[in-house]
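Next come the chains, spelled out residue by residue.
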Amino acid sequence: MLSFATVRERWQSFAGGFVVLSLGMALVSMSALALASAGPRVPDRLAGTPVFVSAPRLDRADGSFAPDRPWSPETVASLVEELSAIPGVAQAVPDRAFYAQPVIGGRPAPSERGHAWSTATLAPYRLTAGTAPRKGETVVDRSLGLTPGTEVSVLTARGPVTFTVSGTVDGPGVFLNDAEAAPLSTGVRAIGLVAEPGADVAAIAKAAGRFADVLTGDGRSVLESRDDERTRWIGMQILTGMAVLSALVSVLVVGSTFAVGVAQRRREFGLLRAVGATPRQIRAMVYGEALVVGVAATAAGVAAGALLAPVLGAVLVDVGFEPAGFAVALSPLPLAGSFAGGVVLTLVAVWSASRRAARVGPLEALREAEVDDRPMPRLRWITGLASCALGVASAVSSDGEGAFVMSGLVAAVGVIAGLALLSPVVVPPVAHYASWPFTRGRGAVGMLVRENARTAVRRTAATATPVLVTIGCAVLITGMVQTTAAGFAAVRATTIRADAVIVPDGTPGLTDVSGGESSLFSAVFEANGDPLSTIGATPELLKTAGDTSGPLDELRHDDRVLIAEWLAEDRGLRPGAVLPVSFEDGTSARLTVAGTVRNADADVLVSRDLLRSHDPAVLADEAYVVGTAPDPGPGARVVDVAAYAAEADAEEDRLVWIATLLLVVVSTAYAGVAIVNTMVMSAAGRVRDLEVLRLSGATPRQVRGTVAAESALVVLLGAGLGTVVALPALFGIRGAFAEAMNTDVPLVIPWPLIGGLVAVCLVLAAGASVLAATTKVGR
Amino acid sequence: MKVRLEAVRRTYGTVTALDGVTAGFAAGTLTAIMGPSGSGKSTLLHCAAGLDRPTEGTVVIDGTDLGSLNEHGLTVLRRERIGFVFQAFNLVSALTAEQNVALPLRLAGRPAAPELVRRALAQVGLADRAGHRPSGLSGGEQQRVAIARALITKPAVVFADEPTGQLDTQTSRQVLGMLRRLVDDHAQTMIMVTHDPVTASYADRVIFLEDGRVVDEFTGALTAETVAARMAGTC
């Protein structure tokens, strides 16, 4: 009864918590829905085939997207023969894919996948015009706008090839005659079993199980491409990060909202205690209020999340955090989970506030002044310091590599939590010194501002904390991202000894005829199927770019292999030993170990020609040119070394930067709500102060000026503290990074962004406090 | 004796607020505690009512030694056996008059029968204001709601701290007359702290405090004039 009545009566003081919680839960439920929908999907182009057999798949570590070993050509041939003989199987189709990108109007088309024509039946895709491709012909996606009979230039790994369009099809991709596709294709890892009409699929699956691993139904989703798998993995990190951050910040802001509310209502709690409420009942009451707010806010947030989730899905695909074809489906479980989670989070958030409320003694009802001089609890000290330490440690230990998002998140969250906890101790003394300039003037406003900010510890801390947290995190995270990116660029610039670099332009990589010296990055497989990352390169190339060292001239022989030191040690391989491997095309070879290499970026090095002959589909990432650059042809362009160093990894950097901005925007939104909330809530408690100020002869303008200046001071204080706290961590990161990379790494901080964030906080704080004061005191 | 204080001392750090007060309060009487600012009269009330614990000495209410109770026991005793009327900030602003009156019963987990609540409100002349929130009530009405709430549990004793401190003369007289009637008609025991001779004149007995000690005490027919005269004599 009391909880309900209180929430209804004092809705203003709960509004901030409500908004934060709704916002947080909208984000959490959206992320949960997206995560629930982000599982692997059966690729559209294979969806029409009920049964697949696949090559053995290895368990891979999280975040590893190394390929599995394909079947050898002989195995594929015998499997096709055996599988075709199964009763009910109309056709056994090996899934062959390769790089094939049509050039239309001189520009590479967005579609870049090529397939053997027989695989069109796996979707199935049907001819919309023309006929199946013969030698020298191709069937293309009808959306490309090509009509049968026209000629089209198609980029393949070996260079552009001109085909005659023989037909169009209602699915994406370029289809070649099977005989022509086979030599261009990567190894076969799956064979689709097209069933005859009315055939017993279960029986087919059972019969096929005698020859290889069988995939049916949703199990076929493991056939999705490695690229899609990787994109989904990135998306999962982003979504998880967003959900965790939202939940954590919600807890902190809701907790502080309730804490301020409790501090303002000590007299009321005292009264209740005096008329017979036990501490337990007071706690129950605060929890009850939280429950009312929590249930309402979470319901609103989850509803909003469900409505906005499809939009989020589209955005995720657009920015490249989810593969094309991803759509958020509305399912009840994530929504119910978010709702329950939101309510529980609210209760967790008010834990501390409820304890504080329960400790109010009955005598508080009789106290005249509200003096708040209780020391900070020890537990808060300990957890505050511990979280700060954890955050900074995580930031320092970050190596700027794959786990970046996670360690950045831990750093941010640690510092957020730690500073939020410690703010009542940290903020007042800083306020004292930072407001020193205000003692200089003779005006009343300066004096009032300084004294108010110093004495209203709680309000000062409550306003400065969200600013401190936001600005601190923004400086830390954006600085970390940009500094690591700049560091990698610096490393590249110092290790490339070429005059120019050819880079892909609208294509996933370079063909063999783009010019310059390039290496190929692929994999070979050991006898047990374990992949070894492999670079196929010429000695010239390795001497031009990178700092690989070892007997590189051995790569002039096609039967030699150079191996990384760890591999030599682990497998006991000495020069002269034989390393049996199989390649991407499924064929095997016995390579002679010619020595070990350092700084090779791969487990083994072989000659470029050897790798190309066994992996017909792989593309080079870039090519180095000494002297004058040749015309690279369509799908590639020439840049100078400095430009290359800055823009390489641009795609990855872009994803990380978008993720970073997302985090910063979300946390700024929270800080904004928290600031406005604090201002509105504390305005009620200040009415008397401001009235006294008016009665003492202050004009309304002076009152507003005082209030605005005070909030501006507090915001600047929080921003300054946040920056000061983040900078050492950044310097630490830079130091560790520079040492690891053995080069000079500049510290890059996006100051315009930070300045913009501070400005937003300033406007919000000053605006909210002046508005609140004006409405409470009148003119 | 409904309430008995035995050699009660209360010190705050080096300040002695009560310095060995012994006093008894008989059933069905209205006692006023008077004294100048800082004389310890509020501390006496807090200790007697179990809102504060004495440094030394014992307080017995209705046969229960408060020193033997823990915080929970003390809360329960306050809820069951004691009623409070404060100077101000007396009502929970979110609740209606009716709900405020029913609050102690609800907190005790007892059924708050509507007719019981309404009778309590009728007793203070507010039967028709049951559904109003404090913001819709005058100061005198608010204080009467607080009195109805203090009485709802049929307490052994009602403590009032400057019950008319924020009321005008007219309203004060009404509220005090009502308190007096409760003592006379229902044999309610009541102890109030005041610095106002007019308020004290409604009491059966007046106790004067100074520097934490009882310095004077008198009973009999009291008028504002006699009380004021006695005050002038002691101070």
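Residues numbered from 1 in each chain as written. Chains lettered and ligands numbered in written order. Predicted model: local features only at pLDDT ≥ 70, side-chain atom pairs only at ≥ 80, totals over all residues.

### A short note on helix H5 (residues 201–208) of chain A
Right, on to step 1. All buried positions along H5 of chain A are accounted for by Ile204, Ala205, Ala207 and Ala208 of chain A. Summarising the axial view, the buried residues of H5 of chain A lie within an arc of 165°, below the 170-degree limit, and thus occupy one face. (Buried ≥ 20, exposed ≤ 12 C-beta atoms within 10 Å, placed from the backbone. Helix = DSSP H or I, 4+ residues; strand = E, 2+ residues; numbered from the N terminus. Arc of directions from axis to C-beta.)

### A few points about the pairing of strand S14 (residues 500–504) of chain A
All names here are of chain A.
Right, on to step 1. Of all five residues making up S14, five are buried, and the element is well covered by its neighbours.
Right, on to step 2. For S14 and strand S22 (residues 623–625), the ladder comprises three bridges, and the chain directions are antiparallel. Its bridge partner lying in S22, Ile502 is registered against Ala623.
Right, on to step 3. Taken together, the four bridges between S14 and strand S23 (residues 636–639) define a ladder with antiparallel strand orientation. In the strand pairing of S23, Val503 is matched with Arg637. (Pairing = 2+ DSSP bridges.)

### Remarks on the packing of helix H8 (residues 279–319) of chain A against helix H10 (residues 351–358) of chain A
All names here are of chain A.
Right, on to step 1. Direction vectors running N to C along H8 and H10 enclose 145°, while the axes themselves pass 8 Å from each other. Every pair of crossing elements has a handedness; the one defined by H8 and H10 is right-handed. Of H10, the residues touching H8 (which contributes Pro279, Ile282, Arg283, Val286 and Tyr287) are Ala353, Ser354, Arg355, Ala357 and Ala358.
Right, on to step 2. In the contact of H8 with H10, the residues fall into seven nonpolar, one polar and two charged. (Axes fitted to C-alpha atoms, helices over the stretch in contact; angles between N-to-C directions. Left-handed = near helix turned anticlockwise from the far one by under 90°. Contact = placed C-beta atoms within 7 Å. Nonpolar A, V, L, I, M, F, W, Y, C, P; charged D, E, K, R; others polar.)

### Topic: the domain arrangement of chain A
Residue and element names in this part refer to chain A.
Right, on to step 1. Domain parsing of chain A yields domain 1 (1–41 + 225–371), domain 2 (45–224), domain 3 (393–402 + 426–495 + 649–779) and domain 4 (500–648).
Right, on to step 2. Just the C-alpha atoms count here: the centres of domain 1 and domain 2 sit 48 Å apart.
Right, on to step 3. With eight residues of domain 1 in contact, the opposing surface of domain 2 contributes six residues.
Right, on to step 4. For the side of domain 1 that touches domain 2, the residue count by class is two nonpolar, one polar and five charged. (Domains from an automatic or database assignment.)

### So, the sheet that holds strand S9 (residues 205–210) of chain B
All names here are of chain B.
Right, on to step 1. Taken together, the six strands give an open sheet; going across it, the order is S6-S7-S8-S3-S9-S10, and neighbouring strands pair in mixed fashion. The sheet is open, and its two edges are formed by strand S6 (82–85) and strand S10 (213–219), each paired on a single side. The mean angle between the axes of side-by-side strands here comes to 20°, regardless of whether they run parallel or antiparallel.
Right, on to step 2. Relative to S10, S9 runs antiparallel, the two being bridged by six bridges. Residue Glu210 lies in a different strand from S10, and its bridge partner there is Arg213.

### Thoughts on the interface of chain A and chain B
Right, on to step 1. Between chain A and chain B, the contact holds 22 residues from the first and 22 residues from the second.
Right, on to step 2. Those elements that provide at least two residues to the side of chain A that touches chain B are helix H1 (2–9) and helix H7 (266–274) of chain A.
Right, on to step 3. Here the side of chain A that touches chain B gets six residues from one element, more than from any other, and that element is H7 of chain A.
Right, on to step 4. Within the side of chain A that touches chain B, the residues separate by chemical class into twelve nonpolar, four polar and six charged.

### What to know about the sheet that holds strand S4 (residues 56–61) of chain B
All names here are of chain B.
Right, on to step 1. What the four strands build is an open sheet, ordered S2-S1-S4-S5; its pairing is antiparallel. What marks the edges here is a single partner per strand, and that holds for strand S2 (15–25) and strand S5 (64–65).
Right, on to step 2. Alignment of strand S1 (residues 3–12) against S2, held across eight bridges, turns out to be antiparallel. What sits directly across from Thr11, in S2, is Thr16.

### Remarks on the UniProt feature "domain: ABC3 transporter permease C-terminal" (unreviewed entry) in chain A
Right, on to step 1. Those places that UniProt annotates as "domain: ABC3 transporter permease C-terminal" (unreviewed entry) correspond, in this numbering, to residues 242–361 and 662–773 of chain A.
Right, on to step 2. For residues 242–361 of chain A, the helix share is 82%, the strand share is 0%, and the end-to-end C-alpha distance is 41 Å. (UniProt positions renumbered as here; feature names shortened; annotations may be inferred.)

### Considerations on the environment of Asp559 of chain A
Residue and element names in this part refer to chain A.
Right, on to step 1. Topologically, Asp559 is positioned in the loop between helix H15 (539–544) and strand S18 (560–564).
Right, on to step 2. For Asp559, a count of 13 C-beta atoms within 10 Å translates into the label partly exposed.
Right, on to step 3. Along the backbone, Asp559 and Arg189 are 370 residues apart, and their C-alpha atoms lie at a distance of 26 Å.

### Remarks on the packing of helix H5 (residues 139–151) of chain B against helix H6 (residues 169–186) of chain B
Residue and element names in this part refer to chain B.
Right, on to step 1. For the pair H5 and H6, interaxial distance at closest approach is 10 Å and the crossing angle is 15°. Taken together, the axes of H5 and H6 are roughly parallel relative to one another. For the pair H5 and H6, the sense of crossing is right-handed. Taking contact as the criterion, the partners of Gly139, Gly140, Gln143, Arg144 and Ile147 in H5 are, on H6, Thr171, Gln174, Val175 and Met178.
Right, on to step 2. Its residues assigned to classes, the contact of H5 with H6 comprises three nonpolar, five polar and one charged. (Parallel < 35°, antiparallel > 145°, perpendicular 65-115°, else oblique.)

### A word on the confidence of the model for chain B
Right, on to step 1. Scored by pLDDT, chain B comes out at a mean of 86, with 97% of its residues at no less than 70.
Right, on to step 2. Scored as a complex, the prediction yields pTM 0.71 and ipTM 0.74. (pLDDT = per-residue confidence, 0-100.)

### Describing H7 of chain A
Right, on to step 1. Of all nine residues in H7 of chain A, eight are buried; the element is thus mostly enclosed.
Right, on to step 2. Buried within H7 of chain A we find Arg266, Glu268, Phe269, Gly270, Leu271, Leu272, Arg273 and Ala274 of chain A.
Right, on to step 3. Those residues of H7 of chain A hidden inside the fold are in contact with helix H6 (226–264), H8 and H10 of chain A together with helix H2 (71–81) and S6 of chain B.
Right, on to step 4. Looking one or two residues past H7 of chain A, Gly276 of chain A carries a phi angle of roughly 115°, positive in sign.

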